[in-house]
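Survey of secondary and tertiary structure
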Amino acid sequence: MPAQKTEHSLQKLKVFGVNTCLDNLWTVKNSNITVLALKPQMFPKVLSEIAPAVGPNNIIVSVAAGVTIDSIQQRLPHHAKVVRAMLNTAVQIRDGAICYSTGRNIVDADQELVHRFFTSVGLTLESEEKHLDAVVGLSGSAPAYFYLILEALSDAGVRHGLSRDVSTVTLARQCLEPRGWCWNQGGIPGS
């Protein structure tokens, strides 16, 4: 259940039928997994606020770039279970790429729960935390480059007489071929 400090921030989620509240403590107390999707500078304040509610069964997941597991665990009770995950915008259409690392108190059952949680929105892989910043660079930035390529190719199609819709939809469909090749063949052609 998303929690925010203002009702205005929650209105977009309510349109989708998501239950929301204005109380971070209540959310942590009543959730198995709490995802902290905050700007890094907000972490000290929010972690201090929720620390009293973090029990031994709560899993705290951070999706903030640059905020380490250790820095989160230092601000929470010693029993806190912390996961750091990096994901891309394609999770919005349940086709994302998620890499995560686990903190010291995560046990196998917790890891399975976190893996199932993220698998619901995309391909999910565990990684050492030291590699997550590289994941941000690849997974977070790559879609923007692909969109630029698609736009340039679509523009070329329009210059050759195709409608924007035909040009863009045809190209978007062609993106599936290299994706399928990489997944099914286990690599990039020519490598």
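Preceding block: the structure.
Definitions and cut-offs
Residues numbered from 1 in each chain as written. Predicted model: local features only at pLDDT ≥ 70, side-chain atom pairs only at ≥ 80, totals over all residues. Heavy atoms only, no water. Salt bridge = Lys/Arg side-chain N within 4 Å of Asp/Glu carboxyl O. Helix = DSSP H or I, 4+ residues; strand = E, 2+ residues; numbered from the N terminus. Buried < 20%, exposed > 50% of the residue type's maximum accessible area, 1.4 Å probe, protein only. Pairing = 2+ DSSP bridges. Right-handed = clockwise from strand over helix to strand, strands pointing away.

Topic: the pattern of salt bridges
Applying the stated criterion across every chain, the model contains five salt bridges. Among the salt bridges present, the one from Glu-129 reaches Arg-84, with a minimum N-O distance of 3.2 Å. Taken together, the positions of Glu-129 in the loop between strand S5 (122-126) and helix H6 (132-159) and Arg-84 in strand S3 (residues 81-86) put the pair 45 residues apart, joining distant regions of the chain. A relative accessible area of 25% means that Glu-129 is categorised as partly exposed. Owing to a relative accessible area of 2%, Arg-84 belongs among the buried residues under this scheme. Among the salt bridges present, the one from Glu-128 reaches Lys-130, with a minimum N-O distance of 3.6 Å. Here the residues in one salt-bridge network are Arg-84, Glu-129 and Asp-133, joined through shared partners.

Focus on the pairing of strand S1 (residues 33-36)
Bridge analysis of S1 against strand S2 (residues 59-62) gives four bridges, and the strand direction is parallel. Paired with Leu-36 across the strands is Ser-62, a residue of S2. Once the chain exits S1 it traverses helix H3 (residues 43-50) before rejoining the sheet at S2, and the crossover so formed is right-handed.

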